[in-house]
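Structure at a glance
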Amino acid sequence: MASSDHFQFQDFDETGNLLGSNTDATTISIEEEDVMPQKQRGFSGMAPENEDDPLANDDKAELLSGQKKSAPFWTFEYYQTFFDVETHQVKSRIVGSVLPWPGKNFIHLYIRRNPDLYGPFWICATLVFAIAISGNISNFLVHFGRPEYKYVPEFRKVTIAATVIYCYAWLVPLALWGFLLWRNNKIMNLVSYSFMEIVCTYGYSLAIYIPAVVLWIIPYEWLQWCSIVVALCLSGSVLLLTFWPAVRDDHPRVSIAVMSAIMTFNILLAVGCKSYFFSKPQPALQADSSAVSVKSPST
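Since the structure is predicted, the reported quantities are computational estimates derived from the model, not experimental observations.

1. Some details on the overall build of the chain
In terms of helices and strands, the chain carries twelve helices and zero strands. Looking at the chain residue by residue over its 299 residues, the buried ones come to 30%. Taking as baseline every contact in the chain between residues at least 6 positions apart, the subset at least 24 positions apart corresponds to 75%.

2. What about the packing of aromatic side chains?
Enumeration over the complete set of coordinates arrives at twelve aromatic pairs. Ring plane angle 80° and centroid distance 5.2 Å describe the contact between Phe 121 and Trp 122, whose orientation is recorded as edge-to-face. For Phe 121, a relative accessible area of 38% gives the class partly exposed. Taking relative accessible area as the criterion, Trp 122 reaches 48% and is therefore assigned partly exposed.

3. Side note on the packing of helix α7 (residues 118-143) against helix α9 (residues 195-205)
For the pair α7 and α9, interaxial distance at closest approach is 8 Å and the crossing angle is 35°. As for how α7 packs across α9, the hand of that crossing is left-handed. Here Gly 119, Pro 120 and Ile 123 of α7 lie close against α9, whose contacting residues are Val 199, Cys 200, Gly 203 and Tyr 204. In terms of residue class, the contact of α7 with α9 is made up of five nonpolar, two polar and no charged.

4. Observations regarding the pattern of salt bridges
Here the structure, examined in full by the defined rule, presents five salt bridges. Of the charged contacts, one joins Arg 93 and Asp 116 as a salt bridge, the two residues approaching to 2.2 Å between their closest N and O atoms. Of this pair, Arg 93 sits in helix α5 (residues 87-98) while Asp 116 is found in the loop between α6 (106-111) and α7, placing the two residues 23 residues apart along the sequence. By relative accessible area, which is 2% here, Arg 93 ends up buried. Residues Lys 274 and Glu 221 are paired through a salt bridge, measuring 3.2 Å at the closest nitrogen-oxygen approach. In this pair, Lys 274 sits in helix α12 (residues 252-277) while Glu 221 sits in helix α11 (residues 221-247), placing the two residues 53 residues apart along the sequence. Owing to a relative accessible area of 2%, Lys 274 belongs among the buried residues under this scheme. Taking the relative accessible area as the measure of exposure, Glu 221 reaches 39% and is therefore partly exposed. Several salt bridges converge on common partners, so that one network encompasses Glu 154, Arg 156 and Lys 157.

5. Concerning the nonpolar core
By size, the foremost hydrophobic cluster in this structure holds 48 residues, and its most contacted members are Ile 131, Tyr 202, Leu 206 and Phe 243. Every element with two or more residues in this core is listed here: α6, α7, α8 (156-186), α9, α10 (209-215), α11 and α12.

6. A word on α5
For α5, with twelve residues, the first-to-last C-alpha span of 17 Å sits near the 16 Å given by 1.5 Å per residue. For α5, every residue scored as buried is listed here: Val 90, Arg 93, Gly 96 and Ser 97. Mapping the buried residues of α5 onto a view down its axis gives an arc of 130°, with all of them on the same face. The outward face of α5, more than 90 degrees from its buried face, is lined by the exposed residues Thr 87, His 88 and Lys 91. In this fold, the buried residues of α5 make contact with α6, α7, α9 and α11.

7. Some points on the packing of α7 against α8
Two numbers describe how α7 lies on α8: the axes approach to 9 Å, and their chain directions differ by 145°. Between α7 and α8 lies a crossing of right-handed hand. For the pair α7 and α8, the contacting residues are Phe 121, Cys 124, Ala 125, Leu 127, Val 128, Phe 129, Ile 131, Ala 132, Gly 135 and Asn 136 in the first and Lys 157, Val 158, Ala 161, Ala 162, Ile 165, Tyr 166 and Ala 169 in the second.

What counts, and at which threshold
By convention here, each chain's residues receive numbers from 1 onward along its written sequence. Local features in this predicted model are restricted to residues whose pLDDT is 70 or higher, and side-chain atom pairs enter the listing and the counts only when it is 80 or higher, whereas totals over whole chains, interfaces and linings include all residues. Heavy atoms from the whole structure form the basis of all side-chain values; hydrogens and water molecules are not counted. Helix and strand labels come from DSSP, where a helix needs a run of H or I of at least four residues and a strand needs a run of E of at least two; each type is numbered from the N terminus. When accessible area is computed with a 1.4 Å probe and restricted to protein chains, residues below 20% of their type maximum are described as buried, those above 50% as exposed, and intermediate ones as partly exposed. When checking whether two residues touch, look at their non-hydrogen atoms; a contact exists if any pair is within 4.5 Å. Side-chain rings of Phe, Tyr and Trp, where Trp is taken by its six-membered ring, are said to pair if the distance between their centres is within 6.5 Å; with planes under 30 degrees apart they count as stacked, over 60 as edge-to-face, and otherwise as tilted. In this analysis, axes come from line fits to C-alpha atoms, helices being fitted only over the stretch in contact, and the angle between any two N-to-C directions falls in the range 0 to 180 degrees. We call a crossing left-handed when the near helix sits turned anticlockwise from the far one by less than a right angle, and right-handed when that turn is clockwise. Throughout this entry, Asp, Glu, Lys and Arg are counted as charged residues, while Ala, Val, Leu, Ile, Met, Phe, Trp, Tyr, Cys and Pro are counted as nonpolar. The remaining residues, Gly among them, count as polar. The term salt bridge refers to a side-chain nitrogen of Lys or Arg lying within 4 Å of a carboxyl oxygen of Asp or Glu. Among buried residues, the Ala, Val, Leu, Ile, Met, Phe, Trp, Tyr and Cys ones that are joined through side-chain atoms within 4.5 Å form a nonpolar core. By definition here, a helix of n residues has an expected span of 1.5 Å times n minus one. It is the directions from the helix axis to the C-beta atoms whose arc is reported.

Put into structure tokens, the structure is as follows:
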């Protein structure tokens, strides 16, 4: 029986022995596992998770919900999104506007859900300066070689060209968007486009006029009109192929009227710029000092 005492369980005060050997040691109990990390973060200067920035919480909520708040249209942030476009996207849209493909909708193929103002803005600006500079050069070449001619640059052409081009690129899309919105309220199955998508389409459709305007410098009337016809066909094809699906389910008279109005404004822009900025001046009639005055016969 005495040997059974050796197999009895005994309590060893390990904690006491360890503390006795090392007085600087600290002990952690199991119950304090959830409390210590928070205390350690507090001592280290880190804020607890429940005290995050409210703006970060808003961003997380937007990401989780899959929606992002849009800025009001009168703020700079609203228009900044329309200039956030890649270079290859602008190039593909310019190529698509210069080489329209039959049966392909320009908005659905290139612009849908990502319209930009970067390309249309610079296309319009380039076209304005191209018209003004080419018009001055053409006027100089027509009068070149005449001793009585003195070249004077016409800077007012820049202002006039800018007014015409930007009014066409903004006011015509605004009127078209308002009309399509009105017809869409009456006929629910019509295809609807946003205002920025229409502005983007009109802006890129003007890209073909830039090389055409450069060709207008050459003082040959037949070449100038040939370039006008080619530019009108390509630019008009982009507009017709894009906006025809939006009105084809409407009344036939309305559809034809809308398509006719689109082409009419396009033709007026091209022919008006050609006639005003590149019109062939009338030869100046010089008075002949040796001319004999004709007297009316006396009765």
